[in-house]
Amino acid sequence: MTTIDQLLADAAPSVREHHFDVAAGLRRLAREAGYVLPGLETQRAPEAGQRLKAVARWWLTSPQAAAHVDQLVTELDENAPSPLLNGAAPVDVHGVQVFACLLHLTGHPESAQFWWELAASADVRGAAYCLHLHHLSRGEEREAAHWLLQAKRERDQDAGDDGNSEDIDVLDDRFFKTFEHYVRHHDAATTAPTADLDAEVDRLAREDDGLVGRPDQQLAERLHAFASRH
């Protein structure tokens, strides 16, 4: 078993545990029953969900998205060591982020969360922000606050870099107001038209018992075709 396969196998149970947060579920039931007033974060949940779709669409349709996933698949197939295990040469972390966004847009939120966590652990600021929105959209306030803090911390650390990072400034409201205005006027659903990509992700999910474990070359080729159309 390769290092990435071992990582996926070890992490899978914890990902499934995230599928249902008992405390968060009880809070939601209480709110729905009218026992407590929804907090500010809960009131923002629908907005967070829409913003997450916009962020995921941005990453999936970015110019180098397909190339990053292609590189990720190549590195995984070559059994490249994972930076999350021993600090060796990293897999393409932006490919990890793009793959996570694709999983979210094709209806696999638990799998998306797992890959976002991998990318965030490799300091991809956009992944930390996606996790913030993911938890916020589910009313999971503590988790949402944690990942927002991580996104802000990584943003501060990047302030003095050489400007070559492909990570977008996910905390710039001016950017998102402009981007979401564009999305509303070009596609009211705020999701990328994934079509045949949906089928590919569903295929991977069937092969991995519902949890999408890793991308493969067939998916990468479909993503290249998708990129040529968008």
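Residues numbered from 1 in each chain as written. Predicted model: local features only at pLDDT ≥ 70, side-chain atom pairs only at ≥ 80, totals over all residues. Heavy atoms only, no water.

Chemist: What should I look at first to understand the packing of aromatic side chains in this one?
Modeler: The geometry of an aromatic ring pair is captured by two quantities: the separation of the ring centres and the angle between the planes. Evaluated as defined, the whole model comprises two aromatic pairs. Judged by centre distance (5.1 Å) and plane angle (80°), the ring pair of Phe99 and Trp115 falls under edge-to-face. Of the two residues, Phe99 is situated in helix 7 (residues 93-105) and Trp115 in helix 8 (residues 109-121); the sequence distance between them amounts to 16 residues. With a relative accessible area of 1%, Phe99 lands in the buried category. For Trp115, a relative accessible area of 1% gives the class buried. Relative to Trp115, the ring of Phe114 has its centre 5.7 Å away and its plane inclined at 80°; by these criteria the two rings are edge-to-face. Side by side, Phe114 and Trp115 carry an identical accessibility label, which is buried. (Phe/Tyr/Trp six-rings, centres within 6.5 Å; stacked < 30°, edge-to-face > 60°. Helix = DSSP H or I, 4+ residues; strand = E, 2+ residues; numbered from the N terminus. Buried < 20%, exposed > 50% of the residue type's maximum accessible area, 1.4 Å probe, protein only.)

Chemist: Before we go on, may I ask you to explain the pattern of salt bridges in this structure?
Modeler: Any two side chains of opposite charge can pair, given that their charged atoms come close. All told, the structure shown has seven salt bridges when counted by the stated rule. A salt bridge links Arg138 to Glu140; its shortest N-O distance comes to 3.4 Å. Each of the two residues, Arg138 as well as Glu140, counts as buried. Put simply, Arg203 and Glu200 hold a salt bridge, and the shortest N to O gap is 2.8 Å. Here Arg203 and its partner Glu200 are both found in helix 12 (residues 196-207), three residues apart, which amounts to about one turn of the helix. Comparing Arg203 with Glu200, the two get one shared label, buried. (Salt bridge = Lys/Arg side-chain N within 4 Å of Asp/Glu carboxyl O.)

Chemist: Looking at this structure, I do not really get the packing of helix 12 against helix 13 (residues 217-229). What am I missing?
Modeler: Helix-helix packing: each pair is described by the crossing angle between the helix axes and the interaxial distance. Running from amino to carboxyl end, helix 12 crosses helix 13 at an angle of 165°, the nearest separation of the two axes being 10 Å. With respect to helix 13, the element helix 12 is oriented roughly antiparallel. Helix-helix and strand crossings are classified by hand; for helix 12 and helix 13 the assignment is left-handed. Contacts from Asp196, Leu197, Glu200, Val201, Arg203 and Leu204 in helix 12 reach Gln218, Leu219, Arg222, Leu223, Phe226 and Arg229 in helix 13. In the contact of helix 12 with helix 13, the residues fall into six nonpolar, one polar and five charged. (Axes fitted to C-alpha atoms, helices over the stretch in contact; angles between N-to-C directions. Parallel < 35°, antiparallel > 145°, perpendicular 65-115°, else oblique. Left-handed = near helix turned anticlockwise from the far one by under 90°. Contact = heavy atoms within 4.5 Å. Nonpolar A, V, L, I, M, F, W, Y, C, P; charged D, E, K, R; others polar.)

Chemist: It is not clear to me how the nonpolar core should be interpreted in this structure. Could you clarify?
Modeler: Side chains of a nonpolar character, in soluble globular proteins, are inclined to be buried together. Trp115, Trp116 and Leu223 are the most contacted members of the largest nonpolar core, which totals 49 residues. For this core, the secondary structure elements donating two or more residues are helix 4 (45-60), helix 5 (65-77), helix 7, helix 8, helix 9 (125-137), helix 10 (141-158), helix 12 and helix 13. The element that contributes the greatest number of residues to this core is helix 7, accounting for nine residues. In this structure Leu223 touches Leu60, Ala65, Ala66, Val69, Val98 and Leu197, once residues within four positions along its chain are discounted. (Core = buried A, V, L, I, M, F, W, Y, C linked by side-chain atoms within 4.5 Å.)

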